[in-house]
Structures are given as structure tokens and as C-alpha cells.
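Examination of the molecular architecture
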4 protein chains.
Amino acid sequence: MIRVSILGATGYAGAELARLLCMHKEIRFMHLISRSFAGKRLSEVYPGLDESLPVLEALDADTIAADSDVAFTSLPHGASKEVIPALYAKGLKVIDLSGDFRYDDADVYAKWYGEEHSAPELLKESVYGLPELHKDAIKSAKLVGNPGCYTTCSILALAPLVKNRLIDVSTIVIDAKSGTSGAGREPSQPLHFCEVNESVKAYKVAAHRHTSEIEQELSKLNGGEIMLSFTPHLLPVNRGILATSYAKLAKKASASELIALYKSFYANEPFVKIYESGLPELKHVNGSNNIAIGLAVDERLGRVIAVSCIDNLIKGAGGQAIQNMNLMFGLDEAEGLPKAAWYL
Amino acid sequence: MIRVSILGATGYAGAELARLLCMHKEIRFMHLISRSFAGKRLSEVYPGLDESLPVLEALDADTIAADSDVAFTSLPHGASKEVIPALYAKGLKVIDLSGDFRYDDADVYAKWYGEEHSAPELLKESVYGLPELHKDAIKSAKLVGNPGCYTTCSILALAPLVKNRLIDVSTIVIDAKSGTSGAGREPSQPLHFCEVNESVKAYKVAAHRHTSEIEQELSKLNGGEIMLSFTPHLLPVNRGILATSYAKLAKKASASELIALYKSFYANEPFVKIYESGLPELKHVNGSNNIAIGLAVDERLGRVIAVSCIDNLIKGAGGQAIQNMNLMFGLDEAEGLPKAAWYL
Amino acid sequence: MIRVSILGATGYAGAELARLLCMHKEIRFMHLISRSFAGKRLSEVYPGLDESLPVLEALDADTIAADSDVAFTSLPHGASKEVIPALYAKGLKVIDLSGDFRYDDADVYAKWYGEEHSAPELLKESVYGLPELHKDAIKSAKLVGNPGCYTTCSILALAPLVKNRLIDVSTIVIDAKSGTSGAGREPSQPLHFCEVNESVKAYKVAAHRHTSEIEQELSKLNGGEIMLSFTPHLLPVNRGILATSYAKLAKKASASELIALYKSFYANEPFVKIYESGLPELKHVNGSNNIAIGLAVDERLGRVIAVSCIDNLIKGAGGQAIQNMNLMFGLDEAEGLPKAAWYL
Amino acid sequence: MIRVSILGATGYAGAELARLLCMHKEIRFMHLISRSFAGKRLSEVYPGLDESLPVLEALDADTIAADSDVAFTSLPHGASKEVIPALYAKGLKVIDLSGDFRYDDADVYAKWYGEEHSAPELLKESVYGLPELHKDAIKSAKLVGNPGCYTTCSILALAPLVKNRLIDVSTIVIDAKSGTSGAGREPSQPLHFCEVNESVKAYKVAAHRHTSEIEQELSKLNGGEIMLSFTPHLLPVNRGILATSYAKLAKKASASELIALYKSFYANEPFVKIYESGLPELKHVNGSNNIAIGLAVDERLGRVIAVSCIDNLIKGAGGQAIQNMNLMFGLDEAEGLPKAAWYL
């Protein structure tokens, strides 16, 4: 049994991670850490979760390190890099759901997050936790930077095209739409029910941090620097991200050729669904750890359009973190992870 | 392994039943029957469901009977009673999700469903599949009438009060609110997105069939005939039923006394959650097989208000059907059933 | 031209009042008061509102009184009674949208609002601003307590029955469902989008303040004290209240008899729609100043069920306030008020 | 008074047109035509609409022509071109809300609508009814092709850039998101509440008819043929379109320079709102005849992103049709049209 602790268990991502881990047969919960709710049960914050989960505790890195095999850190960006060095030093494996350990280059972090990285030496140790691209590195990693939700959905939608140099990478546009749980549990005016409901908006246009993550990973695949447009939109739904990605084809290709390429590229990936026809919708993935990808080619324009969907709280956060844990501990990559979407 | 077939696998209830059964370790799928989609895969109708499920077939009672241990019939009301006699005659266990085998009295069926019951002799054999009230009978049943969604939520909310004669049963009012999946998959003008969204309505006031089911079961508990008000409302959400039940107390009782009574009444029930304080919301149960019940007493009026919630597609349909199957086959009642709500 | 000022113009009710007044041809805006946004334009807080509205100001009672004919106070409960005496003393007509001036009896206010009323002498002057019941008094009033949203929807649904002594008033149960804008603009955890969306809950069971308002008005109609059950529920929609009201009939009556009675009772009311058949839904009233009422009789039980709907921000707040203003200034009661619902 | 008839009054666009016309002081309703509901009142189909509107009638072109000054045809694509020639021949002014009279070139119509145009000679007479681009032509038009909803939102977002040759027109990508009322009133499986709710999807990728309309109008502004990517998405909201448009800048320009250009370009347009900062959301326009446009420049990429919003049923259909009527009859362009958004 893998002994598991979660730091930041009461945010939406942390609580979803706990819910998913309840279905995992190879783990045992050790500590659930929450600054705000220490002393309460997670089921008091999220009625409907298992009442037998351990009582929420304040953070004590020594205790966690003493009796856990792995810690998931689901803390606000910036907070992770303060607490992880201590855990890492004690030999614990760490899977970080924040943006703090996703970067190869501390300067890129500093530029997009607006502050210096306080543990740049650990950044060198951390592995970008996207199993479909970095499976071997994840297997031997001690510290994994779990990818962002938008980035998971965007990178996997474009990776086969970029890797195979099928598109003019200067023309990439990613128009992404996310459910509101992606913005977290903290109430605020723009996230008040009546402000979100029956509306839609773009936000952080040309400025969203996930842009840099997408660019980092696609650039590595491409072998040359890629810069691209990424525009997030807020949807009046709880869960799910749909990304519509556009690029000019570098040479003529039909949709069926591209579909075959994608199927081959992801042939061994248990959570990637390439559509032979049609396009994915949020309800095709929500509740599962899957990413679904459909492809269309606009022959008039020589442009490919990839539509990809994930559940932002599962493949975009807690589910992918478990997938990474499974790999780090030599388990079946899919252990304990939901394969079927809820649909309703 | 229990060999399972589903008749009517492509309706919302049937598909949810299939999704849930995918998580059940003691079953094997034999036949998935669909008149409209025979030859296709269920995952073509519900992308996101497991692609390895058997191909949908047209109905052939002999084949089903030959190689299945249990058939779930998730057919429209009226259709079940035409097909079940043949299955039953061949020795198959049957769990019917329609209203056709829920009644003790064929006359009550005829009155509320507007047609004679074509298999009244089987009505005598069938057991009302509400495990919290009829567990022993279900264990030995060959034919189970799986309760309605509204009725499950309503009966369990009132059973301890009625059984213990704590309320004036002539004053019962049940005001119930349901997500739209309860109306099924068939498109129609009143279920068009723009008609349901941002609206709410009452329907079938003083005329909904589930009234008769609630009255039948509460009357048995009470030992005398109960007639009550039941008013369903349509909500702009996919899943979940919330019932607010009102009755005058026959004698003074505090909320905490009633809560203690409910906890005792349901002490051995794995899926009943009695709230010690606060009241349940849809998000506390959706995704799980739980029913959550909260209680308030209006001391000014001597009236008790019980608020109960279920996921209409799980505890109100497919999940309860699996709970019944577990009991009929000697398994742990909770085997394969989701205990935690999604919350988000 | 009536010179109008609004105190609390940036709350949902205040902003909706401003939006509606923009369509009123007999008024001129003088001052829009906002503590939080003084110096900004209302259209900066609510993009989409008219950009030519006056700049928001901090409160100065002397200035308002000097150049306004009427002040609408759309302030939090408790704040109104602190500011209104000064306005009233200067001869201004005041229409208060809070709960502070709705009561005949300061003790009832103190009991349900948890604090003493600081201006009980003004409570004697104030008129309960429900035009369908108190039109003459409103016409000559200087201070109007604009009714609550739930109360408007509930009182008008039951008034004809209570006034004509057709029901056993000890059996009244009002089960009400409201859109989330009724909870105001202030963000909080329970009003966060992901908490409200795809859920429904009951709240303040047996304890909501509007109970006392409904009881006050129905008791006056009845000529004897009425106490009743009122249960509010929160819906995942922006606008609208639907109230389902139940009572035992004191003597036998058919739905068509009751419908005729209601039509007669409200014969001269421009905003009351009595359904000859069918029942109202939120989308039948949202966007309008109407209340729509449908009636059913459960003959098995001798119980009447009245279903009523209003737009909580219009007939339940700003629209009714304008209706009161129209009456107080001798205009056509319906001047400037929307008669058609949006439907979509 | 302009004597007005509506053909197709019971679709969502037709009914919204009728609702809006109820607020127009210079018109009188003559005939409301509905094939399906002849003999009923529009308020029976849309409870909440004015009960005094004329009874719905079957189509009789002679009667309509005899006593109307203008006919609005809100019929399915293809049906308009069959009925309009008769009306036009009798001297009636016609405003067509379908796609049948929006094209300069019958071949383009045939290519995108999949059938020959049966009245190509009238296509030469018809004017494209986008007042912000064709005001003078509309004023003297006898037949107006009212623009599509997506097209209105897209063309106006890009017109100043295209007209001023500020972008590389081969790089245009329009990612558009629409509320479900845009799909009309007819129920179908993909528009069933539970299918749309809590989901989002792209549809008709690289194949939506509105692409050709956008290309026609932008090509005229540009003086050379433009082909572009247009991708529609279905949102779980009733109303509103948000389009996110991308293009490479032909030469360097800041957001503030572009905003100034847009303000100048639309200086005399009563319904165009250019944001000086921030970006529009659906709730900023729904309920009004406005289009709101915000602009961002991604300096890293030299790409401009324009975000535009309209209410698809008002500026995208009925409201724009009224704006055209006002122009055709010499009224104030804004007469009777809602200027403020509902926000809630």
C-alpha cells in the first residue's frame, strides 16, 4: 500500500483528488492537510465525501515525511515551492499540482508568475508530469510538476502535428473554454453564481500563464521555439475544458490521414481517445480521466482544426496526478482511475 | 460472475445502469438490447462509455434467457409487462425499472396507468425493490419492481415518522423537485434546452403516478390507508431529486429526537445518510447511491419538515437496481456502487 | 417629471430598478448613491446599462432631499431605518426596498430581524406597498415598505382564498423556489457558481423572515391570526420565484370555481395573470412585472394547490417599487413597466 | 403607423421580433402568420407575451399584401425564397430573417445552401441588412436580407481592421460561441436539455453557412477575396453570441490605437459599443440591440484578438430587423429598440 498525504485537501482540486483516491485500491490515506479547516472532516466541507477519511490537520512537514510515501501538493501557485523543498529533502516523492515545478527554466517561471523561483535547483530535478509525453522520466521521478488543466488539453491536441512537423507553428491559435471549477473554490465577485450563469467571457487574453507551459512542451517536441496564441474563456458549467486549436498545414493532409497519425502517436495511451469521426463534447469526458480529440481539415484554407476535451478536475488535475503516482510506484498506469464519462 | 443483460440499454436509466455495472466486479455483460440502435455500440450513442461493451442487439427473449442470470428491464412503462412474463417463465431473475411491477394491487396500477395490467399473476410474485424496507423479501425474489425515483426519495424521507405514528398522516405534503434526466432521453418541446433552462415548473399536479406508489408503501408502514399530496417540479439541472416533505406532528418532538429516531431506523443501511445538522443539497448525493435526509421542526406550528435528496439515475434507478441485484445474488449490498458524491 | 434618487444603486435590486427606470418616461434621475462605487458610473459596474446615467455618489441626505421628489432605498436590511427618517423629515417621498418598513408592529420586526426598530414612529406612517391589496393607502402614502420578493409571490397566491375563507388556514404550506439573484450581489461561499450550479437546496427552514410578512398580510385579510409554513429553496437560475402553496379547502370547490374567483378578485389588476388552464413557469414572467397564478384542486384530498410565479427583481423588487411610485404620484399604475416576459 | 405582418411568428426569432415590436410606438400589428398554430394566440405558445396580439393565421399573401406596409419573414432557410417573390411583387417592403436574400451571388448561395436559388433576380434587388455597413442602401431598399447572428457578431468585429488593411487577411480565425436559442425552437436529440446542459461542443467545423456571409462582406470591405476559418460552438445558455477573432497584424499597432480606430469607424452607430478597456461578456449585451467589441494585441506574436458579443435574438435577428425597418421607413434608427442589457 502506498501511503498518501494531500496538502491542500479542501480546494476543489484537492478534494477531487481525495474523492478519486477513495476508489484506488493500492493506497492508504495518511494525512489530509488544510490550513483553513484543520480539525474538521473533509466530509464536513464536502458533504457526500466519505466520512471515514482522516481528520484534516495543520501542516507538519516532519510528520508527513515520516509516514508517507508520496505527498500531493494542491496549494496555490507560489505556496508549493515554499513547502516542497522540505518534503523533498526528507526523501518523500512529491506530485505538485501547482505551477511551481512545471518549468525547465526558472526565468520563464519568473516572467510568467511575476516572482523569482525560490528553489531553482529543484526545478532541475522535477519532471513535467504529462504521461503521454514523458512516461519514462516520470517513472523514475522524485518530484513531478503536474501539468495545468488548459495545458494538458492543448498540448496533447497538438503534439502529433508539432512532433511530425505537419504545421506552420507560427500560425497556432488555441481557443480554450473552461468550466468554472478551474478557477477554484474561493468566492469572488466574478465567480458569483449570477455573474457566471448565462454568460461567457474571455479572460487574461494574451497573458495567461498556461501559454508558457504549452509553448515549453511544444517547443521541445518541435525542436525549435514556438510562440502561440492561447485564449481562455469561462463557461457556465462546473467541469470540463474544450480547446479548439487552429494551425495552417505545412503540407496537404486529409482529416483521415491526421486521424491515423494521432491513433498511431497515442497507440499505447490508455486515456487518449482519438475520434474516427465526429468531435468530442465536454459530456464525453467529464467524470473520466480521458482526453478526447477530434480532427477536421478545412481544405479551402489548408488549415487543421483539432478539438480536444478533458475533465479539468480529473485529467486536468487530480486524475493525472494519480496517473503520475501509478507510474512513479510501478503500478498499472490506469489503476483506480475512472474510464467512463458520466455523460449526464 | 453474474451474467447480466439489459433491455432498453440506450435510455438514460439504461445507459447509467450500464455505466455503473462497468464498475461492478462480480458481473459479466451478456446482452445489451436496444430497438433503435441494434448493431451499434453503446459508446456510439454515449461517447465516453466503455468501447468494449457488447454490441447492441434486438430483443430475443430466448437468447437472453439462455445465457443470462438476471435481466434488467429499463423499458417504457407498459412495455415491461409485455416482455417480462416470457423471461420470468424461463427462470431468469428480473429487475424491472418501469412502473409495471411495483404494485400489490392490479387495480391501483390500472387506475394510475390508465390500462389494465396484462400480467396480474406476476404482480403477486414481484417484490417492491426498496432495500431499506423490504430487504429480506428482495433476497429471495425472482422479480423485483425497482421503485420510482420520486418515490424512493419520498418514502424513505417519511418512513420512520409513519412507522412510528409520529405524524398526522392526513397532513402530508411532498413537494419534490427533479433534474430533467428523470424525464428520459426522448426529445420533446417541453424538454428542449431553451424551454427548461432558466425556468422551473410544477407538472402533473395532483396526478403524478408516483403518488400511488408512495401511498402504497407508506400505507403498509402505517397500517392504514394514507393519501397525500405529491407535487413534482422540473429543475434546470441534469441529475438529482430534492423532496421537501411536510406533516403535522401527532405529538411534540424536537428535531434532535427525530434525527435520533431516523439514525436508529436506518442504522444498518449503507446508503442512508441522516444529517445531524444542516440539510442535504443535490450536490451532496449526485454521483452516489446515497439518500441524504435532514430534518427540521417548526415549533410554532408543530410541523416537521424532512428534506431528502437522491441522484435520480442512481439511487432512483440504476444504482438501486444493482443494490437489488446484489441482494438477490447474495453479494454485499454495496458491491460496485458509488459511495461518494461528485460534489462538482 | 418626477425627480428620482436611488440609494444603494449598485446592488442587484438597485441596478435593476435603475435599468427599469430608464424606460420610464415621466422620471428624471437625480442621484445614484453607492458607498462602494462613488465616483464611478453605474455602467462601469454593470456594463450594458446606459452610460449616460449620473455618476455614482456618496450619500448626502440634504442634497438628495433638496432636489428629489422620491427616494428609493435599496439598502441592506437594517441600514434603511437609519437613513430614512432624515429623508422623510425633509418631506421626500420614500419607497424602501428593505424589510425595515413593512411591518405594522415593531415587535414583530424585532422578533424576526433580531434587533429593535430604531424608528417605530415611522413604522406607523409606512404603508405596505402591495398595490393589489393596498392601492388606496399607497396613493396617499409618503413612506412605502416595498414587499419582499417571496412575500409578493406568496401573498397574492393565497389572498383570494384567505379573504373568502375558503381554506383551513392552519394547513397552509408554501414551498417557494427562488433564483439566486434574490440573495444579492455580495459573493460568498454558498453563492459561488460551482456551489449553486447543478444543485438545489432548502434554507432557513421554519426561520425565514418573509414568513412574518406573509403572515401579517394574510392575517389582516383573514381577520384572525394566521401562522403558516414557508420554505425557501435556492435554484440555479438567475431570476424568478415559483411558489407552490397548499391548503385544505374549508368546503368543496372545483378548480374552475376558484379560477373564476381569482379572476374576479384581481379583475382590475394590470399585472396579475390568472391561468384558465395550465400552470405558470418562471419563463412566463421573467422580464415582466407580472405575477402569474395557476390553480389545481386535488379532489381526493380536498386540497387546493396554487402555483405562482414572479420575476424576483421586477415584481419582487424594482418593478413593484416603480408601480408604487406611479400610484404615489398619480400616474398610470403600469407606466414604464414591462408587460411581456422574455420567455428566452 | 407602419402596418406590420410577421410570417413565422412562432419560431424563437419570430416571437422575439413580436415581443420587441410590442415596445415600438410607430407600428401596428396586422397579421401574425403561423402554419402550426393558426387559430391560436401567440400568448398561448409563449405565455408571458401580450394577450392582445392578433390571432395567428395561416398564410394568405394577398391579404398580407393588401393591408401591410412591411412583412418580416422569419421562416426556415429555403422557405423564404418561395413566398417572398409574391409579396415583393405586390409592392410590400420585405425584411427576410432567413439566409435566402443575403447573397450577392446566386452561386455562392447554391454552394453553401445546397440548392439553386429560385429567385435570383430578386437577389439582385435585395440589400444586405447590416446598418453599420450599408445604411444608405437599406434606407431605399424594398427587400432586405437580415444578416445571420454569427455573421453580425463576426463582421462588425473585423470590419475596421479589414477596411483599413491592418491585418493579413489570410490569417483570420473566428472562434464563435452561441446560446442554444440560435438553433431554433424545434426539439431534437442534440438540443434536448440534458444533452446541452453542462456541456459545450463545436459543430459544422469548416462547413457552417455563415462562413460564406462573413467572407462576402469582408471581401467587399477589403477589395479582394477573403477566405477565413469560422468555427461555431454550442453553449448551455439561452441567449448570446461571443466571437473571438484572431488575425496577424500587417503592421505594428497597439490596442489603444486600434480602439481609437474602432471608435472612429463606428462613431455614428447607436448600437456599437467599443470598450476602452476590458472585454465584453454575454451578460453585457443580452436583452439589448447592442454589439460590444473589445480589443487586445498580443505583442509577442503581432496578433490582434477582437472579442465581440451580441444577443443573437436581438442584434442577431429581430432587433436588427427592426433597426432595418426603422431605416426603410425614415424613422430614428433606434426607435423602440432596447439599449440596456439585462445583466441578470
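Residues numbered from 1 in each chain as written. Chains lettered and ligands numbered in written order. Predicted model: local features only at pLDDT ≥ 70, side-chain atom pairs only at ≥ 80, totals over all residues. Heavy atoms only, no water.

**Considering the relation of the copies chain A and chain C**
Quick note on the threshold: Overlaid copies result from least-squares superposition on C-alpha atoms, with residues included only where pLDDT is at least 70 in both. Throughout, a residue-residue contact means that at least one pair of heavy atoms, one from each residue, lies within 4.5 Å.
When chain A is fitted onto chain C, the two copies agree to an RMSD of 0.0 Å after a turn of 180 degrees and an axial shift of 0.0 Å. In short, the pair behaves as if placed about a two-fold rotation axis. Relative to the rotation axis, the closest C-alpha in chain A is found at Phe 193 of chain A, a distance of 1.9 Å. Of all interface residues in chain A, 100% are interface residues in chain C too; the two copies therefore contact each other through one and the same surface.

**Description of the interface of chain A and chain C**
Basically, it comes down to this: Buried area is understood as the total, over both parts, of accessible area removed when two parts are fitted together, assessed with a 1.4 Å probe. The working definition used for a salt bridge is a side-chain nitrogen of Lys or Arg within 4 Å of a carboxyl oxygen of Asp or Glu. The term polar contact refers here to a pair of N or O atoms within 3.5 Å; inside protein, the definition further demands a hydrogen-donor-capable atom paired with an acceptor-capable atom, and it admits residues adjacent in sequence only when both atoms are side-chain atoms. Three residue categories are used. Nonpolar comprises Ala, Val, Leu, Ile, Met, Phe, Trp, Tyr, Cys and Pro, charged comprises Asp, Glu, Lys and Arg, and polar comprises the others, including Gly.
Counting residues at the interface gives 20 residues for chain A and 20 residues for chain C. A buried area of about 1,700 Å², summed over both sides, lies between chain A and chain C, and 54% of it is on carbon and sulfur atoms. Between the two partners, chain A and chain C, sit zero salt bridges. Our count for the contact surface shared by chain A and chain C stands at 10 residue pairs in polar contact (both at pLDDT 80 or more). Grouping the amino acids of the side of chain A that touches chain C by side-chain chemistry returns eight nonpolar, eight polar and four charged.

**Some words on the environment of Val 169 of chain B**
Residues and elements named next belong to chain B. Inclusion rule: Helix and strand assignments come from DSSP, with helices taken as H or I runs of at least 4 residues and strands as E runs of at least 2, each series counted from the N terminus.
Position of Val 169 relative to the elements: it lies in the loop between α8 (149-163) and β8 (173-178). For the pair Val 169 and Ser 219, spaced 50 residues apart in sequence, the C-alpha to C-alpha distance is 9.5 Å. Beyond its immediate stretch of four places on either side in the chain, Val 169 contacts Asn 222, Ile 226 and Met 227.

**Structural notes on the relation of the copies chain A and chain D**
Each copy superposes on the other: chain A lies on chain D with an RMSD of 0.0 Å after a rotation of 180 degrees and an axial shift of 0.0 Å. Interface overlap between copies: 100% of the residues of chain A at the interface are likewise at the interface in chain D, consistent with a symmetric, same-surface contact.

**Some remarks on the domain arrangement of chain A**
Accessible area lost on assembly of the parts is the figure often given for the size of an interface. All names here are of chain A. What counts is decided by this rule: An automatic or database domain assignment is the source of the domain bounds shown.
Partitioning chain A into domains gives domain 1 (2-125) and domain 2 (150-312). Interface of domain 1 and domain 2: buried area, both sides summed, is about 1,300 Å²; carbon and sulfur atoms make up 48% of it. The largest per-residue losses of area from domain 1 upon contact with domain 2 belong to Tyr 12, Arg 102 and Trp 112, which jointly make up 48% of the total buried on that side. Taken together, domain 1 and domain 2 are joined by three salt bridges. For the salt bridge of Lys 220 with Asp 104, the shortest nitrogen-to-oxygen distance reads 3.2 Å. At the junction of domain 1 with domain 2, the criterion picks out seven residue pairs in polar contact (both at pLDDT 80 or more). Secondary-structure elements contributing two or more residues to the side of domain 1 that touches domain 2 are α1 (12-21) and α5 (106-113). When the residues that make up the side of domain 1 that touches domain 2 are grouped by side-chain class, the tally is eight nonpolar, two polar and four charged.

**Brief notes about the interface of chain A and chain D**
At the junction of the two partners, chain A supplies 50 residues and chain D supplies 50 residues. The contact between chain A and chain D buries some 3,900 Å² in all, and 55% of this surface belongs to carbon and sulfur atoms. The interface formed by chain A and chain D contains five salt bridges. Here Lys 177 of chain D ties to Asp 175 of chain A by a salt bridge, and the two come within 3.0 Å at their closest N and O atoms. Here chain A and chain D share 32 residue pairs in polar contact (both at pLDDT 80 or more) between them. Along the lines of polarity and charge, the residues of the side of chain A that touches chain D split into 25 nonpolar, 11 polar and 14 charged.

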